[in-house]
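An overview of the molecular structure
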Amino acid sequence: MNVIFLGPPGAGKGTHAQLLMNELGIPQISTGDMLRQAMKAGTEMGLSAKRYIEAGELVPDEVVIGIVKDRLAADDCKNGYILDGFPRTVKQAEALDQFAQIDVALNIALADEVIISRLSGRRVCLKCGATYHTSTMQGEKCLNCGDPLVQRRDDAPETVKNRLAVYAVQTAPLIDYYAGKGLLKTVNCEPEATVQENYARVRETLGLK
Ligand code: AP5
């Protein structure tokens, strides 16, 4: 299955993509994680992406289209993949159409007020990309690799507000884009539900047995 996870910042794209990756054995391709790794490594691309990410703006289309095109050509994508955070503009979606065959675009919907509280409590492992929340995490270290958990700089409240505004203008039009192609499915993640309960909804919406 070649699936896109759409949805606003903090909707749970990364959390549910990791669960689906573990279940189906197909890679999660997160452009946000790839860009953060490039920032950490201090590459030229990472340095140029840093100012956009920390301001809550999108990195230029040409940069992300290039990294996703290269990534999808890798052997581990032959049996399917989960695109997490790409495409994010209509231009990216049109480019993706030239080099990929998408089966489903899953829109994960969540209200803005829930998003702000989720992102303020999010902690991440910069080494393996695992995501936690202060309300449920056990200790300050990653359960997968033992690295310290940190708060992302772009999870500061003012930056989150800008990310939501950018999402509304530049990314939300993709809902109509994929609906028009007959590929859109929507899952409403309940704010009070646990991750596992919401993941069950994601599975059901994707038609997994
Ligand atoms: P990216 O890393 O993709 O950020 P994002 O889309 O804003 O998404 P997030 O990672 O913030 O949220 P998520 O939906 O994955 O939620 P999560 O699962 O963590 O991108 C960062 C930046 O990179 C962008 O702003 C941009 O600058 C750049 N970029 C990336 N891709 C780009 C592109 N294609 N084009 C241009 N620029 C690009 O969940 C959030 C929290 O909620 C966690 O703490 C989690 O534990 C918790 N949680 C999740 N589900 C539940 C639940 N059911 N119950 C309770 N808690 C839950």
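Attention here is on the structure that accompanies the text. From a predicted model like this one, the values you see are computed outputs, not experimental measurements.

What counts, and at which threshold
- Residues numbered from 1 in each chain as written.
- Predicted model: local features only at pLDDT ≥ 70, side-chain atom pairs only at ≥ 80, totals over all residues.
- Heavy atoms only, no water.
- Pairing = 2+ DSSP bridges.
- Helix = DSSP H or I, 4+ residues; strand = E, 2+ residues; numbered from the N terminus.
- Axes fitted to C-alpha atoms, helices over the stretch in contact; angles between N-to-C directions.
- Contact = heavy atoms within 4.5 Å.
- Buried < 20%, exposed > 50% of the residue type's maximum accessible area, 1.4 Å probe, protein only.
- Parallel < 35°, antiparallel > 145°, perpendicular 65-115°, else oblique.
- Left-handed = near helix turned anticlockwise from the far one by under 90°.
- Nonpolar A, V, L, I, M, F, W, Y, C, P; charged D, E, K, R; others polar.
- Core = buried A, V, L, I, M, F, W, Y, C linked by side-chain atoms within 4.5 Å.
- Salt bridge = Lys/Arg side-chain N within 4 Å of Asp/Glu carboxyl O.
- Polar contact = N/O pair within 3.5 Å; in protein donor to acceptor, adjacent residues only side chain to side chain.

Ordered in space as E2-E3-E1-E4-E8, the five strands form an open sheet in which the pairing is parallel. Taken across any chain shown, the strands that pair with only one partner, and hence form the sheet edges, are strand E2 (28-30) and strand E8 (184-188). Between one strand axis and the next, the sheet turns by 25° as a mean value, whatever way the strands run. Sheet topology note: the strand E4 (residues 104-109)/E8 ladder contains five bridges and is parallel. Considered in E8, the bridge of Asn-107 is made with Thr-186. Relative to E2, helix H2 (residues 31-41) is tilted by about 60°, and along the sheet it contacts E2 and strand E3 (81-84).

The next subject is the side chain of Gln-18. Structurally, Gln-18 can be placed in helix H1 (residues 13-24). Residue classification places Gln-18 among the buried positions, given a relative accessible area of 17%. When residues no more than four places from it in sequence are discounted, the contact partners of Gln-18 are Gln-28, Gly-129, Ala-130 and Thr-131.

Attention now moves to the packing of helix H6 (residues 112-120) against helix H7 (residues 157-171). With their axes 10 Å apart at the nearest point, H6 and H7 run at an angle of 140° to one another. The orientation of H6 relative to H7 falls into the category oblique. H6 and H7 meet at a crossing whose hand is right-handed. Here Asp-112, Ile-115, Ile-116 and Leu-119 of H6 lie close against H7, whose contacting residues are Val-160, Arg-163 and Leu-164. Counted by class, the contact of H6 with H7 contains five nonpolar, no polar and two charged residues.

The biggest cluster of nonpolar side chains holds 27 residues, and the ones touching the most others in it are Ile-4, Leu-72, Tyr-81, Leu-83, Leu-96, Ile-102 and Tyr-178. For this core, the secondary structure elements donating two or more residues are strand E1 (2-6), H2, helix H3 (44-55), helix H4 (61-72), E3, helix H5 (90-99) and helix H8 (173-180). The element contributing the most residues to this core is H4, with five residues. Beyond its immediate stretch of four places on either side in the chain, Ile-102 contacts Asn-2, Ile-4, Tyr-81, Leu-83, Leu-96 and Leu-183.

Scanning the entire structure with this criterion turns up 14 salt bridges. Between Arg-152 and Asp-154 there is a salt bridge, with its nearest N and O atoms 3.0 Å apart. Between Lys-161 and Glu-158 there is a salt bridge, with the nearest N and O atoms lying 3.3 Å from each other. With Lys-161 and Glu-158 both in helix H7 and three residues apart, the pair spans about one turn of that helix.

This part takes up the pairing of E4. Burial analysis of E4 places five of its six residues in the buried class, which makes it a mostly covered element. The sheet contact formed by E1 and E4 spans four bridges and is parallel. In the strand pairing of E4, Val-3 is matched with Val-104.

Quick look at the environment of Glu-57 now. Relative to the assigned elements, Glu-57 resides in the loop between H3 and H4. As a C-alpha pair, Glu-57 and Tyr-81 span 24 residues in sequence and 26 Å in three-dimensional space. Those residues in contact with Glu-57, other than ones at most four positions away along the chain, are Tyr-52, Asn-162 and Val-166. Side chain to side chain, Glu-57 and Asn-162 meet in a polar contact 2.9 Å long.

With that out of the way, let us pick up the sheet that holds strand E6 (residues 131-133). One open sheet holds the three strands; their spatial order is E6-E5-E7, and the pairing between them is antiparallel. With partners counted over all chains shown, the strands left at the sheet margins are E6 and strand E7 (149-150), one partner each. Across three bridges, strand E5 (residues 122-125) lies against E6 in antiparallel orientation. Bridging from a neighbouring strand, Arg-123 pairs with Tyr-132 of E6. Lying on the sheet, H6 is in contact with E5 and E6; it crosses E5 at an angle near 50°.

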